[in-house]
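Architecture at a glance
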Amino acid sequence: MSTPSRTSRKPDDGAAASGGFSREERVAMKQRAAELKAEARRGSAAEKAAAEEAAVMAKIAAMQQPDRALAERLHAIVTDAAPELSPKLYYGQPGWAQNGKVIVFFRSGLDDKARYSTLGFSVNAKLDDDAGLWPSSYALDHLTDESAELIGRMVGRAVG
């Protein structure tokens, strides 16, 4: 009598539907773990800030168009509106942090295989509204001068 052979099964991309993580989620978690390890290895605060900015700029430079142009413009908008924020990778995507905590971030729609990119604000952003309801992320397809101005105002408000 033979025993059935065991085969290992890799979770497929539909794993999220069955309670597991999708391939993109697993990649993002691995990127975040690598970011945390890299942070721990860096030296002085100035060296850490320079390394984090270089990592964000490298990530932006590696993006496909048109997301690269969006991310470059967002970087300029955010640093103009809130120069106290420092670039920092956030789950493998560009983010801008205050005292080490990400306030605003960009997610590439092309990297995420989504139909649009996302501009998001973390729980550390000071966007709370007395009505108890406020947006924390926005679909981003392109930037106009009007939307760039609005983003600048939101970033300024988010840092308080």
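Scoring rules and cut-offs
- Residues numbered from 1 in each chain as written.
- Predicted model: local features only at pLDDT ≥ 70, side-chain atom pairs only at ≥ 80, totals over all residues.
- Heavy atoms only, no water.
- Pairing = 2+ DSSP bridges.
- Helix = DSSP H or I, 4+ residues; strand = E, 2+ residues; numbered from the N terminus.
- Axes fitted to C-alpha atoms, helices over the stretch in contact; angles between N-to-C directions.
- Contact = heavy atoms within 4.5 Å.
- Phe/Tyr/Trp six-rings, centres within 6.5 Å; stacked < 30°, edge-to-face > 60°.
- Lys NZ or Arg CZ within 6 Å of the ring centre and 35° of its normal.

- The name an unreviewed UniProt entry gives the protein is DUF1801 domain-containing protein, with Leifsonia stereocauli as the organism.

**Let's talk about the sheet that holds strand 2 (residues 93-98)**
- The sheet built from 5 strands is open, its strands ordered 1-2-3-4-5 with antiparallel pairing. Either end of the sheet is taken by a strand with one partner, and the two such strands are strand 1 (86-90) and strand 5 (137-140). For this sheet, the mean angle separating the axes of adjacent strands, direction not counted, is 25°.
- Pairing of strand 1 with strand 2 involves 5 bridges; the strand directions are antiparallel. Bridge assignment links Y90 to a residue of strand 2, and that residue is Q93.
- Lying over the sheet, helix 2 (residues 45-62) contacts strand 1 and strand 2, oriented at roughly 60° with respect to strand 1.

**Some details on the packing of helix 2 against helix 3 (residues 67-81)**
- Here helix 2 crosses helix 3 at 145°, and the two axes come no closer than 8 Å. Contacts between helix 2 and helix 3 involve E53, M57, I60 and A61 on the former and, on the latter, R68, A71, E72 and H75.

**Side note on the packing of aromatic side chains**
- Per the counting criterion, the structure on display carries 3 aromatic pairs.
- With 5.0 Å between their ring centres and 80° between their planes, Y90 and Y91 make a pair best called edge-to-face.
- Through pairs of rings, three or more aromatic residues link up here, namely Y90, Y91 and F105.
- For R32, the ring lying beneath its charged end belongs to Y91, and the centroid distance is 5.7 Å.

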